[in-house]
Structure formats: C-alpha cells, structure tokens
Amino acid sequence: CRDNTRDGQGEHRGGRRTSRRRFAGAAVVGVWESVATMGRKRGESSGSSSSSSSSDSSGSDKGRGRGRGEDRDDGRRREDSRSQSRDRDREGSRERDERRSRGKDEDGERERNGGGGAKGKKDDKKPSLMERTKMLPVGKAGGAYIPPFRLKQMQMEMQDKTSPEFQRMTWEALKKSINGLVNKVTKPNISVIVGEIFQENLVRGRGLYCRSIMKAQLASPAFTPIYAALTAVINTKLPENGETLLKRVIMQFRRSYKRNDKPVCTAMVKFIAHLINQQVCHEILGLQLLTVLLEKPTDDSVELAVSFVKEAGNALQQLSPQGLHAIFERFRGVLHEGSIEKRVQYMIEGLFAVRKSNFADFPALEDDLDLVDADDQITHELSLDDQLEPEAGLDIFHVDPQFGEHEEQWASLKRELLGEEEGDDEEDGDDEEEDEDEEETEEKQIEQQEIQDQTETDLVNLRRTIYLTIQSSMQSDEAAHKLLKLQTKPGQEKEMLRMIIECGMQEKSYMKYYGVLAERFCKLKKEWEEGYNDLFAQYYATVHRLETNKLRNVAKMFGHLMHTEAMAWTCLEYIQLNEDDTTSSSRIFIKILFQEISEFIGLPKLKSRMEDPFMAQYYSGLFPRDNPRNTRFAINFFTSIGLGGLTEQLRQHLRDMPKMIMQQQQQEESESSSSSSSSSSSSSSSSSSSSSSSSSSSSSSSSSSSSDSSDSEDEKKKKPPAKKQRRD
C-alpha cells in the first residue's frame, strides 16, 4: 500500500510538472527518467499487492511514459536548433577567412606585377577623386552625397569645363543654392536675398526656382506674401520665371481641386491671391477662381472663397470694383440659401464686416514687401481654362552641348541685371588693394565704436534699482545718500530725478517723503535744479494724460519745491492762464499748485512774490493783461480757488483799461494833427518863396494860406466832438 501510494503521488506530481518539463533542458529530462525507472522497479517488487492497486500503478506508468516521450522530443528539437546555429557561425567564419586570404593573394600579385616592395606601391596610380566618387554607394535620391569641400575640390581638378560630369556638379550646386536662398528668405532680409539669388543662373535654374518656391510655400503658407514679393522682383527682370511659376500654380490648383485635396488647394489659393496683390497675374484669374468656387457652393469651397477674398479683396476693390461687387452678391445669395453650415455662414458675415471696413486689417501690400513699382511690373494674363504646359523637363538635368556659351551669356545678363559694368572685371585687380585698405579702416572704426544698447536694458535696470532703493529707505536722507552712491552714466541723472517724481505719483496720497527727497537733490547741484525746471514744463504739457490722483501728487510735489525755494519760480513762465491755452486737467494742476504754496507760506507772502516787479515777465502768463477777456478769466479763476487777493492789480488794470484806451486814442489823434500841421507849414513856406517873384501872387498865396489855416482850425474844432460821439 505504501508503494502504491508513492506511485500515485508520483503520478500526480508528474502531471502537475509536465508543463515545466517541456521547457527544461536535456539534463533535467535525464534526471526525471532515472526517477521514473526507480519508481517502476518499486512497483514491480510489490507484485503481491491487490489487483486494484496494480491497475492504478499501471495506469500511472502509462501517463508517465507519454510525458517522458514529449520531453524527449522537445530536447531533440532544441539540440537540432543549436547545432544548426553553430554550423551557420562556422560557415560565416570560413567565408571571412577565405575573403581575407583572397585579398592577401591579390595584394601579392599586385606587388609582383609592379616590381615588388615599396617601390611598386609608389608607382601605383591612385584613382582620381571623380573615380572614387563614382565608387561611392548610391543614395535614395539617385546620387551619392558629396560634401561641399569635396565638391569644390572635384571642380578644381576637372580640366574640361563642358563635360557632363562638370555640368552635373554645377547643376547640383545650383539646386542647393536656390533651395537654401528660398528657405532663408524672410521679411527683414528679402532685399539681401534678392541680390544673392540674382547671382545664381536663374535662366538655367528656372524650373528649380519654381519647384523650390512652391515646395516652400506649401510647407509654410504663412510666408506666402514673402515668396510672392520675391517672385515679383524676379518677374520684373526675368518674366519667363514668373510665367512658369504661375502656370504650375494654376495646374496644381486644378489638380488639387479635382482630388478634393483641401490643404494643397488652400495653399494654392493663397499663393494666387498674393500674386494678384503683387500684380504678377491679372485680376481676371482671381474672379474666375471665385466663380468656380461659388458655382456649386459647399462648405469647403465657400471657406476657400472667403479666405481668398480676405487676402486679395483690397487689390480687387481697386482693380475691379464691379467684379468684386458681383462676387459679394453671390456670397449674399449663398447666405440666403442656407445650404451650408452655420460656421461657414458666420465666416461670410465676417467677410461682409471686413468689406465694410474697406479691408483695413487686410492690406494688399505691406510696406516691407512693396519692392516693385507698378510701372515696372509685368502682369501675366492667364486663366483657369487655358491649356498650360508645366515644362516639367526644366526640373531634370540635361547635358547642354553649348554649356560654355550659355554660361557666358548669363554672366553678361547678370551684369546688366545687377547694374555692373564690363570694365569692372578689368579694374578688379587695381581695386583689390583699395578694398583691403578700406576693410582695414572699417575694422579699426568698428573697434573704436562704442556699443550702444538700443534695447534700453541698462535704462530699465537703472530704473528698477532706483525704485528699489527709494522704497527700501526709511527716511529721505537715507534714500538720497544711497542714490548718490549709484554709478550712473552721463545723461542718466535726469532719469533719476524723473524716477523720484514717478515714485511719488504712484502713491494713493501725497507723501512729503518724496518732496523732501527731490528738495535735497535740487539743493545739491544747480544742474539738478534746472532738470526739475525742465520736468515741470514736460509734466505741465502732458498733464492731461495723468489720472486725478497722479496729477494731485505731481502738483503738490512741485508746490513743495517752490515754497521751500529749492526750485526757481521762473518755471511759472510755462503757464498761460486763459480759456484757449488751458484744459480742465491743467487748471486743476494750477489750482493744487497755488493752494499748496499758499498753505505753507501764506497768502500775503504769496501776493508779495506775485507782485515782484523783477519777476513780472515770468508771471505775465498767469496774470494776462493783453486782452480784457483773458484778464477776466484769470480773475475769475483765482477767485474761484480762494486766492482772489492775488488779483487786485488785475482788477485795477481792468478798471483803468477804458481810460488807457482813451489815452491811446488821444495820442493817435495828436500824432495825426501834428502831421497835418507840418504839411501846412510846408505849404506856407512855398507860398513865401513865390511872393518874392511877384506881389500879386504873394497876396493870393497869403489869402489862400489864411483860408487854409482857418479851415484847419475849424476841422480841429469839429473832429473831437465827432470822435466823442463815436465812443458814446
């Protein structure tokens, strides 16, 4: 029974671990086989047991036999795979050894054929750089990559400048150069790129230029205005390039429109719009495009039409207003039909709002991209219905049998385009020394130049330092001491004075701390006092920009400087107190300023200062006497702010003004009478001279002179009453 129990346990244990045995090695399989044989021998020795136990043990033996067979098969398969991998490794190593031995044999043959030794190696001719380049592996693009330095070396080594290899090298260099320039162009450097791109052979690379510019525009549609401006400049000199590009753009639009390729179609529509803005293509093409898009309106087609009108609407409004009006009527019809989504309907409504503002947010040309005069531009009249030839063969390299002649023609054409003269090449050698001297002088000037920070970073840092110093000080004396220790550059002292005023402006109410600080600086140097005088004029001129709180703080600070005699009162000459030259803000400023001064020094002292005859010329604007209207305005102003005592002299002047006017009129009359008397005396002298010639004439002259004098006296008596009547 004990043996049977062990056999049964072995059977169950073997059944549980069958899955593990399948993944075990050959050594583990052998161990389990030995254990199984030992169990079988024990079962045979216990043959006197009951039949039931013998039947169970035989069943367990059969199960164990099946498990052992599966384990053996797994072990054999693993051994076979290992042996196959070892065989493959051995074969690979044999092949490598054979290749090495073959290489050594070939080297030995070369040495023997060449005479042997190092001498033979020296006599071997190395392959040329072109041959070594041909031995390079071919890349995915169909040609081997050649580094730029190696390409230049190859061009220098080649003797035949018209060979197909040399033409291919120049073609690849032209392609890389055009791609690089197109990818580098931006709004700030477009003028530089234009000069560089005309250095390349755009006649030979016409297809390359069109291909690279379309590829760049499709990759970055935001740069479309820049690419259109570049094309416009090239089109003025080489119209064939602009026409080829326009043909390819139209054909690309047709293709993408038929395929429902929205991204490509959107990019081409934008490109056409900006070419219309630059007048490279005619506006008829834009109207045709809009007609096609709105003929059978869908959400995408209407969206494309809206974007096109936004981009080119300003130009179409100037070139073809009736055509644009018809397009907008079609938009209105699409909107009333209601067959499109709400989103697109809102886009159409937004387009009508843009039209109402005359496309203010969508100018046809930006200032930086308006590079071509309208008279110099060449416009191509192409339509969507024309049969166009894209000239795809221009993108592929072809051997040119007249390569040298064509290169010379392009060189002469390039000189004409860039404004160079033929004699420049001959004079280059003479001008090299002058250029070197100029470069040396320019380098010296650059070294001597001081670097100026146009970003005002130093100024911002200085203002921050001053603000933190003022805010971190407990008293004004401490703040003044710290500010004087700051290392300021010449011209930055005025910024420090301004910062003191601006720090005081930011407070909710006026703090005497800032006034005392400004007073200390005014009394330290005469230049700083004059600086505050200039700041008074600046703040008074721009006082209408300040809020009421800031205005009050500034006025009180200047009032503090004036009543403490830190700043001269000559700054009041900037104030012209009349209805025309003042605003509500400036009148509030004057009110707070004088109230602050009178509060500290009192009205009598302020009055005496205002009546000082030596300062009267500086106060003439505050107390105007040129016009009764301005005088009354000043009197009413000072009376309304509680300082009417300052206007006593003005009131007296206003009362005496009629008498002064009468006196002036009498003076004018006396001057006129004196002039008339002088004329009468001259007439009497002439009459006396005539009396010496004849007595009859003298009598007549005396009678006439007496009559004239009597008439003049009558006139004198009559004139004053007449003028009195006019005054009444």
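Before reading on, note that the structure itself is shown above.
The structure presented is a predicted model; accordingly, all values stated were derived computationally and were not measured. (Residues numbered from 1 in each chain as written. Predicted model: local features only at pLDDT ≥ 70, side-chain atom pairs only at ≥ 80, totals over all residues. Heavy atoms only, no water.)

1. Some points on the packing of aromatic side chains
Here the distance between the centres and the angle between the planes together describe a pair of aromatic rings.
Alright, step 1. Enumeration over the complete set of coordinates arrives at 15 aromatic pairs.
Alright, step 2. The interplanar angle of 25 degrees and the centroid separation of 5.7 Å between the aromatic rings of F253 and Y257 together place this pair among those described as stacked. Placement of the pair is F253 and Y257 together in helix α12 (residues 239-259), with a separation of four residues, close to one helical turn.
Alright, step 3. Overall, Y257 belongs to the partly exposed group, its relative accessible area being 33%.
Alright, step 4. Taking the centre distance of 5.6 Å and the plane angle of 90 degrees together, the rings of F594 and F638 count as edge-to-face. A residue pair is termed long-range when its members are at least 10 positions apart, and F594 in helix α26 (residues 584-601) and F638 in helix α28 (residues 628-640) qualify at 44 residues. Like F638, F594 is buried.
Alright, step 5. Here a set of aromatic residues connected by ring pairs shows up, and it is made of F536, Y539, Y540, F558 and F589. (Phe/Tyr/Trp six-rings, centres within 6.5 Å; stacked < 30°, edge-to-face > 60°. Helix = DSSP H or I, 4+ residues; strand = E, 2+ residues; numbered from the N terminus. Buried < 20%, exposed > 50% of the residue type's maximum accessible area, 1.4 Å probe, protein only.)

2. Describing the packing of helix α10 (residues 206-219) against α12
Alright, step 1. Direction vectors running N to C along α10 and α12 enclose 45 degrees, while the axes themselves pass 9 Å from each other. In terms of axis orientation, α10 runs oblique to α12. Relative to α12, α10 is oriented so that their crossing is right-handed. Here R206, G207, Y209, C210, R211, I213 and M214 of α10 lie close against α12, whose contacting residues are E240, N241, T244, L245, R248, V249 and Q252.
Alright, step 2. Split by residue class, the contact of α10 with α12 holds six nonpolar, four polar and four charged. (Axes fitted to C-alpha atoms, helices over the stretch in contact; angles between N-to-C directions. Parallel < 35°, antiparallel > 145°, perpendicular 65-115°, else oblique. Left-handed = near helix turned anticlockwise from the far one by under 90°. Contact = heavy atoms within 4.5 Å. Nonpolar A, V, L, I, M, F, W, Y, C, P; charged D, E, K, R; others polar.)

3. Looking at the side chain of S476
Alright, step 1. Among the secondary structure elements, S476 is positioned in helix α21 (residues 476-485).
Alright, step 2. S476 sits in the buried class, given a relative accessible area of 10%.
Alright, step 3. Discounting chain neighbours no more than four positions away, the residues touching S476 are Y513, V516 and L517.

4. Notes on the environment of S339
Alright, step 1. Mapped onto the elements, S339 comes out in the loop between α16 (321-337) and α17 (342-356).
Alright, step 2. A relative accessible area of 52% means that S339 is categorised as exposed.
Alright, step 3. Here the alpha-carbon distance between S339 and T298, two residues 41 residues apart in the chain, equals 8.1 Å.

5. Observations concerning the packing of α26 against α28
Alright, step 1. At a closest axis distance of 11 Å, the pairing of α26 and α28 adopts a crossing angle of 55 degrees. Between α26 and α28, the angle falls in the class oblique. The handedness of the crossing between α26 and α28 is right-handed. Here α26 contributes R587, I590, K591 and F594 to the contact with α28, which in turn contributes F633, F637 and F638.
Alright, step 2. When its residues are assigned to classes, the contact of α26 with α28 shows five nonpolar, no polar and two charged.

6. Remarks on the side chain of T631
Alright, step 1. With respect to the helices, strands and loops of the structure, T631 is situated in helix α28.
Alright, step 2. We classify T631 as buried; its relative accessible area is 0%.
Alright, step 3. A polar side-chain atom of T631 sits 2.9 Å from the main-chain carbonyl oxygen of N627.
Alright, step 4. Not counting chain neighbours up to four residues away, the residues in contact with T631 comprise P624, R625, L650 and L654. (Polar contact = N/O pair within 3.5 Å; in protein donor to acceptor, adjacent residues only side chain to side chain.)

7. Let's talk about the nonpolar core
Alright, step 1. Residues Y209, V302, F308, V309 and F331 are the most contacted members of the largest nonpolar core, which totals 79 residues.
Alright, step 2. Per-element accounting of this core gives the leading share, 10 residues, to helix α13 (residues 262-277).
Alright, step 3. The residues contacting V302, other than those within four sequence positions of it, are L294, P297, F331, V334, I340, V344 and I348.
Alright, step 4. Of all hydrophobic cores here, the second largest spans 63 residues; its members include L546, L551, I592 and M615. (Core = buried A, V, L, I, M, F, W, Y, C linked by side-chain atoms within 4.5 Å.)

8. Description of a negative patch on the surface
Alright, step 1. On the surface, D367, D368, D370, D373, D375 and D376 cluster together into a patch of negative charge.
Alright, step 2. With respect to the helices, strands and loops of the structure, D375 is situated in the loop between α17 and α18 (403-418).
Alright, step 3. Of the residues examined, D375 reaches a relative accessible area of 76% and is grouped as exposed. (Patch = residues over 30% accessible without salt bridge, like charges linked within 9 Å, V, L, I, M, F, W, Y side chains within 5 Å. Areas by Shrake-Rupley, 256 points an atom, 1.4 Å probe, with all protein chains shown as cover. Salt bridge = Lys/Arg side-chain N within 4 Å of Asp/Glu carboxyl O. Lys, Arg positive; Asp, Glu negative; His and termini not counted. Charge placed at Lys NZ, Arg CZ, Asp CG, Glu CD.)

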